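Each chain, letter by letter, is given below.
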Amino acid sequence: DNVLSPDYLANLLRLGQEQPNVGVFSASISAEFETPPPAGVTPYLTFLAVRELTQDVIGTVTTPHAGPIGAGMGFRRIVAEAYLDDMRKEPAMLALGRSGSSLVAAADDSAFGYAATRLGLMCGAFRMLNLVHLMPANRLQKGYLRNLAESLAYSHTKMALIKGLDEVSNWRLVKWRIGLLVY
């Protein structure tokens with residue numbers, strides 16, 4: 001459900017050469033909706049991996065807008081190896097990835113960011129990496145968004161606990177929890 005720009009892979013390779021300190025690369029992601037989003041949904045599009053960048057952002061897995069999003073994500077081989085090592089050492093993390101109809105998703109993207117950080121590498125989101133996320137109407141329903149927000153908050157909090165990190169106050173988790181209350 002993602003359409004990469006024609007120059008996506010060439011740009012990803014270029015960034016890999018130009019940004020040796022970045023281990024995980026993410027995109028600027030726009031959405032193409034099957035039906036127009038209902039009023040009030042716009043603040044929750046980040047749950048759906050929509051992130052239209054106005055500037056490049058490089059930081060850690062928890063830096064706003066720099067943390068990896070699985071759609072179109074690229075990573076260095078050394079990060080993939082560290083990710084696999086993390087999964088072997090902490091099998092509980094495997095339950096934090098997408099499976100079937102579950103919306104739990106921390107191991108699908110953030111775990112790569114944690115692996116990069118462990119290696120002293122950064123996460124980056126770049127404007128030159130563009131993709132369109134095709135959005136079916138059912139993903140814009142209030143119940144789906146509520147379940148998605150709850151699943152993401154759960155999986156990211158659980159991953160932080162597994163990794164022994166004090167990230168319960170992480171800005172994304174706070175935003176997701178507020179979203180659960182407001183929407």
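Residue positions are given per chain, counted from 1 along the sequence in the order it is written. It should be noted that, the model being predicted, local features are given only for residues of pLDDT at least 70 and side-chain atom pairs only at 80 or more, the latter also being counted only at that level, while totals for whole chains, interfaces and linings use all residues. Side-chain numbers come from the whole structure's heavy atoms, not from hydrogens or water.

Some points on the nonpolar core
Basically, it comes down to this: What we call a nonpolar core is a set of buried Ala, Val, Leu, Ile, Met, Phe, Trp, Tyr and Cys residues that are connected through their side-chain atoms within 4.5 Å. For each residue, the accessible area found with a 1.4 Å probe, counting protein chains only, is set against the maximum for its type, and the residue is called buried under 20%, exposed over 50%, and partly exposed in between. Counting from the N terminus, the helices are DSSP H or I runs at least four residues long and the strands are E runs at least two residues long.
Counting 17 residues, the largest nonpolar core has Val-24, Val-79, Tyr-83, Ala-111, Phe-112 and Met-159 as the members making the most contacts within it. Within the residue set of this core, elements represented by two or more residues are α2 (77-89) and α3 (110-118). It is α3 that contributes the most residues to this core, 5 residues altogether.

Section: the pairing of strand β2 (residues 22-33)
This is how the line gets drawn: In this analysis, strands are considered paired if DSSP registers two or more bridges between them.
One ladder, built from 11 bridges, connects β2 with strand β5 (residues 122-135); its direction is parallel. Residue pairing across strands places Phe-33 opposite Met-135, the latter belonging to β5. With 2 bridges connecting them, β2 and strand β4 (residues 74-75) associate as antiparallel partners. Residue Phe-25 lies in a different strand from β4, and its bridge partner there is Gly-74.

Focus: unusual backbone geometry
At Ala-49, a residue that is not glycine, the phi angle is positive and equals roughly 65°. Tracing the backbone shows Ala-49 in the loop between β2 and β3 (57-59). Judged by its relative accessible area of 14%, Ala-49 is buried.

Remarks on helix α1 (residues 8-18)
In an α-helix, one full turn covers 3.6 residues, which means residues spaced three or four apart are oriented alike. Formally: When we speak of the arc, we mean the arc of directions from the helix axis to the C-beta atoms. The contact definition used throughout considers only heavy atoms, calling two residues in contact when any of these lie within 4.5 Å.
Taken together, the buried positions of α1 are occupied by Tyr-8, Asn-11, Leu-12, Leu-15 and Gly-16. Seen from one end, α1 has its buried residues packed into an arc of 145°, which puts them on one side. In this structure, α1 carries Ala-10, Leu-13 and Gln-17 as exposed residues pointing more than 90 degrees from its buried face. On its buried face, α1 sits against β1 (2-4), β2, β4 and β5.

Digging into the packing of aromatic side chains
Pairs of aromatic rings are described using the distance from one ring centre to the other and the angle between the two planes. For clarity, the threshold we go by: Pairs were defined over the aromatic rings of Phe, Tyr and Trp, the Trp ring being its six-membered one, requiring ring centres within 6.5 Å. Orientation was assigned from the angle between planes: stacked under 30 degrees, edge-to-face over 60, tilted for the rest.
Taken as a whole and assessed by the stated rule, the structure comprises 3 aromatic pairs. Note on Phe-75 and Phe-112: the rings are 4.4 Å apart at their centroids and 25° apart in plane angle, and the pair reads as stacked. You can see Phe-75 sitting in strand β4 and its partner Phe-112 sitting in helix α3, a full 37 residues away along the chain. A relative accessible area of 10% means that Phe-112 is categorised as buried. Here Tyr-83 and Phe-112 contribute two aromatic rings whose centre-to-centre distance is 3.9 Å and whose plane-to-plane angle is 5°, an arrangement assigned as stacked. Taken together, the residues span a long stretch of sequence, with Tyr-83 in helix α2 and Phe-112 in helix α3 at a distance of 29 residues. Judged by relative accessible area, Tyr-83 falls into the buried class, the value being 15%. Site record: aromatic cluster; members linked through ring pairs are Phe-75, Tyr-83 and Phe-112.

A closer look at the pairing of β5
Bridge count for β1 against β5 is 3 bridges, and the pairing is antiparallel. Looking at the pairing, Asn-2 lines up with His-133 of β5. Looking at chain direction, β3 and β5 are connected through 3 bridges and run antiparallel. Counterpart to Gly-59 in the pairing with β5 is Cys-123.

Structural notes on the pattern of salt bridges
Cut-off, in case you're wondering: By salt bridge we mean one thing: a side-chain nitrogen of Lys or Arg within 4 Å of a carboxyl oxygen of Asp or Glu.
In total, this model carries 7 salt bridges according to the counting rule given. Among the salt bridges present, the one from Asp-56 reaches Arg-127, with a minimum N-O distance of 3.4 Å. Of this pair, Asp-56 sits in the loop between β2 and β3 while Arg-127 sits in strand β5, and the two are 71 residues apart along the sequence. Of the residues examined, Asp-56 reaches a relative accessible area of 37% and is grouped as partly exposed. Classification of Arg-127 as partly exposed rests on a relative accessible area of 42%. Here Arg-77 and Glu-81 are joined by a salt bridge, their closest N and O atoms 3.1 Å apart. Of this pair, Arg-77 and Glu-81 are both found in helix α2, 4 residues apart, which corresponds to roughly one turn of the helix. With a relative accessible area of 67%, Arg-77 lands in the exposed category. Among the ionic contacts, a cluster of salt bridges with common partners joins Asp-85, Asp-86, Lys-89 and Arg-118.

That's the geometry; what it means functionally is another story.
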